[in-house]
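Take a look at the letters that make up each chain.
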Amino acid sequence: MSIPNHNERRDAALAAKKAMLEKFKTKPQIDPAVAAQRAAEAKAREEKRIAAEQKRRERVEMEKLERKLAAEEKERAEAEAARLAAEEAERKRKEEEEAAEILAFEQKARRDLKYAARKARQGKR
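Figured I'd write up the structure that's included with this text. For every chain, the first residue of the written sequence is number 1, and numbering continues from 1 onward in sequence order. Local features in a predicted model are, by the rule used here, given only for residues with pLDDT of at least 70; side-chain atom pairs are given and counted only at 80 or more, and totals for whole chains, interfaces and linings are based on all residues. Excluding hydrogens and water, the side-chain figures rest on all heavy atoms present in the structure.

### Overview of the overall build of the protein
As a reminder of what qualifies: Helix and strand definitions here come from DSSP, where helices need a minimum of 4 consecutive H or I residues and strands a minimum of 2 consecutive E residues; each element is numbered from the N-terminal end. When we talk radius of gyration, it's over C-alpha atoms, and the globule rule is simply 2.2 Å times the number of residues to the 0.38. Burial classes follow relative accessibility: with a 1.4 Å probe on protein chains only, a residue under 20% of its type's maximum area counts as buried, one over 50% as exposed, and anything between as partly exposed. To measure how exposed things are, a 1.4 Å probe is used in the Shrake-Rupley method; for residues, cover is taken only from the protein chains shown. Within this scheme the basic residues Lys and Arg register as positive and the acidic residues Asp and Glu register as negative, but His and the chain ends are omitted. All charge positions are set by atom: Lys at NZ, Arg at CZ, Asp at CG, Glu at CD.
Regarding its fold elements, the protein presents two helices and zero strands. In terms of C-alpha radius of gyration, the protein reaches 51 Å, well past the compact-globule figure of 14 Å for 125 residues. With respect to the three principal axes, the spread of C-alpha positions in the protein is 165 × 45 × 15 Å. Here the protein holds 125 residues, and the buried ones make up 0% of them. Here the protein has roughly 12,100 Å² of accessible surface; of this, 58% comes from carbon and sulfur atoms. Measuring between centres, the 35 positive side-chain charges of the protein sit 4 Å from its 27 negative side-chain charges.

### A closer look at a nonpolar patch on the surface
Convention followed: The patches described consist of residues with a relative accessible area above 30% and no salt bridge, like charges being joined within 9 Å and nonpolar side chains (Val, Leu, Ile, Met, Phe, Trp, Tyr) within 5 Å. Within this document, salt bridges are pairs made up of a side-chain nitrogen of Lys or Arg and a carboxyl oxygen of Asp or Glu, the two lying within 4 Å of each other.
Nonpolar side chains collect at one region of the surface, where Met-62, Leu-65 and Leu-69 lie side by side and expose about 280 Å² of accessible area between them. Here Met-62 shows up in helix α2 (residues 32-124). Looking at Met-62, the relative accessible area reads 47%, which means it is partly exposed.

### Comments concerning the pattern of salt bridges
A pair can form between side chains of opposite charge whenever their charged atoms are brought close. Throughout the structure, instances matching the rule amount to 13 salt bridges. Across the salt bridge formed by Glu-73 and Arg-76, the nearest N and O atoms sit 2.9 Å from each other. Here Glu-73 pairs with Arg-76, and both are found in helix α2, just three residues apart, close to one helical turn. Residue Arg-76 is classed as partly exposed on the basis of its relative accessible area of 48%. When the shortest N-O distance is used, the salt bridge between Glu-90 and Arg-93 registers 2.3 Å. With Glu-90 and Arg-93 both in helix α2, this residue pair falls three residues apart, about one helical turn. What makes Glu-90 partly exposed here is its relative accessible area of 33%. Overall, Arg-93 belongs to the partly exposed group, its relative accessible area being 36%.

Below, the structure is given as structure tokens:
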């Protein structure tokens, strides 16, 4: 066995490099029908993805609209409840005022009756 010299090593490296390049170059060419089928499948997947994304966006928009409508409805309901509470408070206040007036009138009527009774007793003497 002889010791390889520089030229032999260089030739072996070039041969290995050439074999490596050939390995990648000699890939079998893809059949045009298969390539067209794969392209069609990719296009169908992309269309399906776009349709799903559009559907998702529409769903998100609908959910936003529903949340907005629900918030507006809640706000209206709260305003109506506040209005009804204010009306109820006003009605109670009026009832209390009327009750206070009636009580004052009854007390005055009792005082007047006592006064009249006392005057009547004093007049009989």
